Amino acid sequence: MQKKIIFIVGSLRAKSFNRQLANKIVSLIGTRAEVSFLEYADVPFMNQDAENPTPPSIARVRSEVQAADGLWICTPEYNAAVPGVLKNLLDWLSRSLVPGDFASGTAVTGKKVTISGVGGKNATRSSRADLKKLLDFMRTEVVGGEGTGFSADATAFQTDVLALSDEHVTALQKQVTAFLAAV
C-alpha cells in the first residue's frame, strides 16, 4: 500500500515560494507516495471558547492529518519566527481529540514530520528551528531535524518565481529518500 503524505505550506500567498518548493518536492516524490496539500485558510483563530463543539474546518483538517502517514511542512520565516497562520494550525492540531482528555492524543501524536523552507538570507533557519522545537513538544516524530532551508535569490522577489539550484535539488532528493524510508 502506498504511503500518504500531506504537505502543509506555511504561507497562504497564492504565489508562495514555499508552495513552489512543495510542488518541486512533490515532483521529486513522483509516484512513490500519494501526496496532497492541506488547505487550511478557513481555520479560525485558536480560541478555547470556540473549541467545543469542534468547528467543522478543524474536524476536517484533523481527519486529513490523521489519515496521513507523514506530514511535510514547507514554511517561510516571518520576523525570524514561524508564520502566524502555520502556528495557529499547529495549535489546533495539538489539542486533544477527546475534549478534556489530554492523555487521549492529538491528530499529530506520533506522526512523522519533516521540514523545509525557503525565504530570505536566513534560509528560514530561525523558523525551522522553532518549528522543530514545537513539533517535538507536540510529540511528533521529526525526521531530518530542522530539515532543509534555502534562500531565494533577489530575482525571485521581483518575479515571484522560485529557482532552485542543482545543489538545492540534490538536498531535497536526499530528504525525500530519507522521509519516504521513515514513513
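Here, the structure is the one placed above.
Small disclaimer: the values here were computed from a predicted structure and weren't measured. (Residues numbered from 1 in each chain as written. Predicted model: local features only at pLDDT ≥ 70, side-chain atom pairs only at ≥ 80, totals over all residues. Heavy atoms only, no water.)

Draft legend 1. A look at the overall build of the protein chain. Scanning the protein chain from terminus to terminus reveals six helices and six strands. Written out in order from the N terminus, the α and β elements of the protein chain read β-α-β-α-β-α-β-α-β-β-α-α. Once the C-alpha set of the protein chain is aligned to its principal axes, its extents read approximately 50 × 40 × 25 Å. By residue count, 44% of the 183 residues in the protein chain fall in the buried class. Summed over all atoms, the accessible surface of the protein chain reaches about 9000 Å², with 54% contributed by carbon and sulfur. (Helix = DSSP H or I, 4+ residues; strand = E, 2+ residues; numbered from the N terminus. Buried < 20%, exposed > 50% of the residue type's maximum accessible area, 1.4 Å probe, protein only. Areas by Shrake-Rupley, 256 points an atom, 1.4 Å probe, with all protein chains shown as cover.)

Draft legend 2. Quick look at unusual backbone geometry. The linkage connecting Asn52 with the following residue, Pro53, adopts the cis geometry, with an omega of 5°. Inspection of the secondary structure puts Pro53 in the loop between strand S2 (34-37) and helix H2 (56-67). Phi is positive for Thr124, close to 60°, though the residue is something other than glycine.

Draft legend 3. Spotlight on the pattern of salt bridges. Evaluated as defined, the whole model comprises eight salt bridges. Among the salt bridges present, the one from Arg13 reaches Asp160, with a minimum N-O distance of 3.0 Å. Taken together, the residues span a long stretch of sequence, with Arg13 in the loop between strand S1 (4-9) and helix H1 (17-29) and Asp160 in the loop between helix H5 (154-159) and helix H6 (166-182) at a distance of 147 residues. Taking relative accessible area as the criterion, Arg13 reaches 39% and is therefore assigned partly exposed. A residue is classified by how much of its surface remains accessible, and Asp160, at 25% relative accessible area, is partly exposed. Two residues, Glu39 and Arg19, come together in a salt bridge whose shortest N-O distance is 3.3 Å. Linking Glu39 in the loop between S2 and H2 with Arg19 in helix H1, this pair joins segments that are 20 residues apart in sequence. Look at Arg19 and you get partly exposed, because its relative accessible area is 22%. (Salt bridge = Lys/Arg side-chain N within 4 Å of Asp/Glu carboxyl O.)

Draft legend 4. Geometry of the packing of aromatic side chains. Scanning the entire structure with this criterion turns up four aromatic pairs. Both rings, one in Phe17 and one in Phe157, keep their centres 5.2 Å apart while their planes meet at 85°; by these two values the pair is edge-to-face. Here Phe17 is found in helix H1, whereas its partner Phe157 is found in helix H5, with 140 residues between them in sequence. Residue Phe157 is classed as partly exposed on the basis of its relative accessible area of 49%. Chaining the aromatic ring pairs together yields one cluster made of Phe7, Phe37, Trp72 and Phe179. (Phe/Tyr/Trp six-rings, centres within 6.5 Å; stacked < 30°, edge-to-face > 60°.)

Draft legend 5. Inspection of helix H4 (residues 125-137) at higher detail. The terminal C-alpha atoms of H4, which comprises 13 residues, lie 19 Å apart, in line with the 18 Å expected from a rise of 1.5 Å per residue. All of the buried residues along H4 are Ser127, Arg128, Leu131, Leu134 and Leu135. The buried residues of H4 occupy one face: seen down the axis, they fall within an arc of 125°. In H4, the exposed positions angled more than 90 degrees off the buried face are occupied by Lys133 and Phe137. Taken together, the buried residues of H4 touch strand S3 (70-74), helix H3 (84-93), strand S4 (112-119), strand S5 (141-142) and strand S6 (148-151). (Expected span 1.5 Å × (residues − 1). Arc of directions from axis to C-beta. Contact = heavy atoms within 4.5 Å.)

Draft legend 6. Layout of the environment of Ser116. Here Ser116 lies in strand S4. For Ser116, a relative accessible area of 0% gives the class buried. In sequence terms Ser116 and Gly10 are 106 residues apart; their C-alpha atoms lie 10 Å from each other. Here the side chain of Ser116 touches Gln175 through a polar contact of 2.9 Å, side chain to side chain. (Polar contact = N/O pair within 3.5 Å; in protein donor to acceptor, adjacent residues only side chain to side chain.)

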